[in-house]
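Structural overview for review
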Amino acid sequence: MEKLTAYWRVQIPDELRCYWLEAKSFEGFCGDKRQGEYVQFYSARDALTEFGLATKEFMPSGFLPLGSNGSGELIVYSENIGYGLLGAIHGGAADFVLVADTLAGFWQKSVEGNWL
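Residues numbered from 1 in each chain as written. Predicted model: local features only at pLDDT ≥ 70, side-chain atom pairs only at ≥ 80, totals over all residues. Heavy atoms only, no water.

Before going further, it helps to examine the packing of helix 2 (residues 14-22) against helix 5 (residues 103-112). The contact between helix 2 and helix 5 brings their axes to 9 Å, and the two run at 65°. Classified by the interaxial angle, the pair formed by helix 2 and helix 5 is roughly perpendicular. Every residue of helix 5 that contacts helix 2 at Glu 15, Leu 16 and Tyr 19 is listed here: Leu 103, Ala 104 and Trp 107. Within the contact of helix 2 with helix 5, the residues separate by chemical class into 5 nonpolar, no polar and 1 charged. (Axes fitted to C-alpha atoms, helices over the stretch in contact; angles between N-to-C directions. Helix = DSSP H or I, 4+ residues; strand = E, 2+ residues; numbered from the N terminus. Parallel < 35°, antiparallel > 145°, perpendicular 65-115°, else oblique. Contact = heavy atoms within 4.5 Å. Nonpolar A, V, L, I, M, F, W, Y, C, P; charged D, E, K, R; others polar.)

Simply put, disulfide is the name for a covalent bond between the sulfur atoms of two cysteines. For the structure shown, the criterion picks out 0 disulfides. As a non-bridged cysteine, Cys 30 has Cys 18 as the owner of its nearest cysteine sulfur, 20 Å distant. What makes Cys 30 buried here is its relative accessible area of 5%. (Disulfide = S-S within 2.5 Å. Buried < 20%, exposed > 50% of the residue type's maximum accessible area, 1.4 Å probe, protein only.)

Within the secondary structure layout, Lys 3 lies in helix 1 (residues 2-8). Take Lys 3: its relative accessible area is 64%, and that puts it in the exposed class. Each C-alpha atom, one on Lys 3 and one on Arg 45, is 9.1 Å from the other, the two residues being 42 residues apart in sequence.

Right, here's the structure in full:
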């Protein structure tokens, strides 16, 4: 996790740090019967490997990529704001769509299929 912090220059919130201590990478639909949102959410190690220099070149300052939704949008943490989506081809931080201010809220909205 320290490598991620240094590489992305983002302070990782405690809730994400705790999640990463327990969780592995996850890919699939959240919730029952594919009703929730589709996510590819990476472990800390996989996120460091998955999001290299090409991603860093377009990522606005203060953002940490965590995964993707399989539709060209990255799941990101925006420092001191929360968790949401950012287009892989975008105009910058203004394209950030906040889903929830906490990781628990993000997962709940993902299960509900309620990102917007």
